Amino acid sequence: MRSRPGALLVGLLALVCTCAAGRAADAPIVLFDSAHHELRLEHPPTRIASLLPSLTETVCELQECGHLVVVDRYSNWPASVAQLPKAGGLEDVEIEQIVSARPDVVLVAHAPRVLERLRGLGLVVFEFETQRYADIGRNVTVIGALLGVPERAARLNRQIEDSVEEVAAAARSRLAERAPLVYFEVDSGPYGAGPQSFIGEMLGRIGVRNILTADLGPFPRLNPEYVVRANPDVIFISPTEAPHLIHRPGWERIRAVREQRICSFPPAVRDTIVRPGPRVAEGYRALTECLLRVAP
Amino acid sequence: MSVTRGVAAQPIGSERAVARFGKFKGWVLIYIAVAVLLTGVSLVVGTSSVRTSLGWLMSPAVLSDAVLWDIRLPRTLGAWSAGALLGLAGAIAQSVFRNPLAEPYLLGSSSGAALGVTLSLLVTETSLTGLAWLGQLGLTGAAFAGACAGITLTLALSRGVLQTPSLLLAGVVVAFLLGAIMSLLLLRSPETWRAMQSFLLGSTGFLGWRSVALLAVVLAVSLPPAGLLSRGLDALTLGEDTAWSLGIPLASLRLALLGLLSLTTAASVSQVGVVGFVGLVAPHLVRESVHVNSRQLIVAAPLCGGALLQAADILSRWIIRPSELPVGIVTACLGGTYLVVLLWRKAQRE
């Protein structure tokens, strides 16, 4: 994962620079993104392009969905964004689609080629870090400042944190004695979610033990025998891979497989778990509900 | 005088042949010994320390039994079998196309297999009822079907097996075309990207006893006919016209050899994904070590390819343990380095 030493300051900078409540009506908005690029706008943007689902969701949760003019292909929540023009993904972004939507600002994750091209075309581009739990609150604050709705952003952040803590605290108390050992498979490589990943942070917060250690990195590709040796109590895995676990060499001896303690989620629910966005509490709820149901 | 020279030359020629055969047998024994040694090493290389693994060998328990005999042993035997199939496929490809850079994936098998796996993943994720049968095949079956489809398409495009340039061109076209379709599908479904990466970079992690059995059967079925056809391969190395004048039925010979090439490559790619360089390098390593005819190459290249992939598999799980590298990256590093050395030595000689 890329290190962004200054990223922690972004939220504060955003507040200091804009402080919309106290901002004079004609004062420009000055913000610094996660890569320390200065962004200066005379007015809050009314035409927004978002190239990441979690950023799209944040804009909509701040009740500014109506200002979105174009989104990426994977933005699928709330349902209203389905009507918007789609500009591909970060790997194959449709520059022409974005330019023709004439956005005042483009919200995007770290993607050097996309950023360079869009800035080269004179667009105002704001880059976000979207890897960790802390990024959620930070991005809500910054987008709130950018859109001139800092109070709503502060309120949304409180809601998110309260909901997450409520779910996590309830799960912690019910799982305290069991403290199940879990393995979250991101993909069938097999790649697992380590404690440093966003998903790993969620698991740690609800009081379960991850079979992966932090030194392996956020999403390590594992030797499958590592999982067999760790013998997790519960496995999180995609619904397509779940039926095949039993056929993996040696995996029939894993407790989670033997006793069918498997958690799989449909795509709509999985989105809330893997996207560091404002619906994170829903993701927590889905994780804990399954855990409480299947954990020994 | 010419008679005298002919008589005198006979024993010298046969002595050289006997010496070469002796050297060949020596190398075959070396390849077998290396494979046996690597099988032993693979039992103690994994997520546990070597000392712990040795302890497991001495005093078995339920968990150690699973790791040693259900995971590590089939994995290394599967890697050997897949490597052997790639070595055999490489030897056939280089002989049929009379091109030292020919490799098993030349006829579109890898791109066909990759497209098959992509479709299978998409079908199971999106529940496309029209293609539900593809999901039933599983990833291995889909890869095998895709590899066969890719090769069939190449043969159809080249309108037969006789023209080497059109075969190679058709292979390149099919590889690009199927690769583009796969990329297009993956763009629509980013969740399958990482799973596909595992396949495209090669993976020996999930080789079990079923995979070993399948690979071993295909190897056992492919080796005898390849050996029988090797006389034709010897004739082919002299040129197609010469082979024709020697009475070799060129069309049926090439068809049979390409059939074997397809079977061996498809079986390998379906079990371990796209592992590059083994099929390309194994025949070169054999030829560099000892002077061989086609029949001997058909025997030695699989042994060499098997040992190569076994070694790459051990390295892939040892270098950053308990994580592991995709085995295709290791074979590319090893094979690429070897080819660079080979080129450098050739340049030095010239």
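What you see is a predicted model; the values in this text were computed from it and never measured.

This brings us to the overall build of chain A. Check the secondary structure of chain A and you find 11 helices and 11 strands. Scaling as 2.2 N^0.38, a compact globule of 296 residues should have a C-alpha radius of gyration of about 19 Å, and chain A matches this with 21 Å. Along the first, second and third principal axes, the C-alpha atoms of chain A reach 65 × 40 × 35 Å. Taking as baseline every contact in chain A between residues at least 6 positions apart, the subset at least 24 positions apart corresponds to 58%.

Here we come to the overall build of chain B. Of the regular secondary structure elements, chain B holds 13 helices and 0 strands. The linear arrangement of helices and strands in chain B, starting from the amino end, is α-α-α-α-α-α-α-α-α-α-α-α-α. Against the globule reference of 20 Å for 350 residues, chain B gives a C-alpha radius of gyration of 22 Å, in line with a compact fold. Once the C-alpha set of chain B is aligned to its principal axes, its extents read approximately 80 × 55 × 40 Å. Put simply, chain B has 350 residues, and 51% of those count as buried. Across chain B, the fraction of contacts at a sequence separation of at least 24, relative to all contacts at a separation of at least 6, is 79%.

A separate point is the nonpolar core. The biggest cluster of nonpolar side chains holds 100 residues, and the ones touching the most others in it are B:Leu85, B:Ile92 and B:Cys304. Once you skip the residues sitting within four places of it in the chain, B:Leu85 turns out to touch B:Leu215, B:Val218, B:Leu219, B:Thr264, B:Ala267 and B:Ser268. Among the nonpolar cores identified, the runner-up in size contains 78 residues, and A:Ile48, A:Ile160, A:Val167 and A:Ala171 belong to it.

Attention now moves to the interface of chain B and chain A. Across the contact, 24 residues belong to chain B and 23 residues belong to chain A. Only helix H3 (62-96), helix H4 (109-126) and helix H7 (193-200) of chain B provide two or more residues apiece to the side of chain B that touches chain A. At 6 residues, the largest contribution of residues to the side of chain B that touches chain A is made by H3(B).

Residue and element names in this part refer to chain B. Running from amino to carboxyl end, helix H11 (residues 278-289) crosses helix H12 (residues 294-318) at an angle of 120°, the nearest separation of the two axes being 8 Å. Comparing their axes, H12 and H11 come out oblique. Judged by the sense of rotation from one axis to the other, the crossing of H11 with H12 is right-handed. Contacts between H11 and H12 pair Val-278, Gly-279, Val-281, Ala-282, Pro-283, Leu-285 and Val-286 from the former with Leu-297, Ala-300, Ala-301, Cys-304, Gly-305, Leu-308 and Leu-309 from the latter. Across the contact of H11 with H12, the residue classes tally to 12 nonpolar, 2 polar and no charged.

So, about helix H8 (residues 209-237) of chain B. The principal kink in H8(B), of about 40°, is found at B:Ser230. Where H8(B) terminates, the next one or two residues include B:Gly239, which has phi positive at roughly 115°.

The subject of this paragraph is the packing of helix H6 (residues 150-175) of chain A against helix H11 (residues 280-294) of chain A. Residue and element names in this part refer to chain A. Following both chains from N to C, one finds H6 and H11 inclined at 10°, their axes separated by 9 Å at the closest point. Considering the angle they form, H6 stands roughly parallel to H11. Considering how the two elements wind past one another, H6 and H11 form a crossing that is left-handed. Residue-level inspection shows Ile-160, Ser-163, Val-164, Val-167, Ala-168, Ala-171, Arg-174 and Leu-175 of H6 in contact with H11, the latter providing Val-280, Ala-281, Tyr-284, Arg-285, Thr-288, Leu-291 and Leu-292. The residue makeup of the contact of H6 with H11, split by class, is 11 nonpolar, 2 polar and 2 charged.

Now for the pairing of strand S2 (residues 38-41) of chain A. Residues and elements named next belong to chain A. Alignment of strand S1 (residues 29-32) against S2, held across 4 bridges, turns out to be antiparallel. Across the sheet, Ile-29 pairs through a bridge with Leu-41, a residue of S2. Joining the antiparallel neighbours S1 and S2 is a turn of 5 residues, in which His-36 adopts a positive phi near 70°.

The next thing to look at is the confidence of the model for chain A. Looking at chain A, pLDDT values average 87 and 91% of them are 70 or higher. Below pLDDT 50 for its whole length, residues 1-23 of chain A participates in 36 contacts with residues either more than four positions away or in separate chains.

All names here are of chain B. Its location among the elements puts His-284 in helix H11. Separated by 193 residues in the primary sequence, His-284 and Ala-91 place their C-alpha atoms 8.8 Å from one another. Setting aside anything within four residues of it in sequence, one finds His-284 in contact with Pro-100 and Leu-342.

Calculation notes
- Residues numbered from 1 in each chain as written.
- Chains lettered and ligands numbered in written order.
- Predicted model: local features only at pLDDT ≥ 70, side-chain atom pairs only at ≥ 80, totals over all residues.
- Helix = DSSP H or I, 4+ residues; strand = E, 2+ residues; numbered from the N terminus.
- Rg over C-alpha atoms; globule rule 2.2 N^0.38 Å.
- Contact = placed C-beta atoms within 7 Å.
- Buried ≥ 20, exposed ≤ 12 C-beta atoms within 10 Å, placed from the backbone.
- Core = buried A, V, L, I, M, F, W, Y, C linked by C-beta atoms within 7 Å.
- Axes fitted to C-alpha atoms, helices over the stretch in contact; angles between N-to-C directions.
- Parallel < 35°, antiparallel > 145°, perpendicular 65-115°, else oblique.
- Left-handed = near helix turned anticlockwise from the far one by under 90°.
- Nonpolar A, V, L, I, M, F, W, Y, C, P; charged D, E, K, R; others polar.
- Bend = angle between axes of the 7 residues up to and from the residue.
- Pairing = 2+ DSSP bridges.
- pLDDT = per-residue confidence, 0-100.

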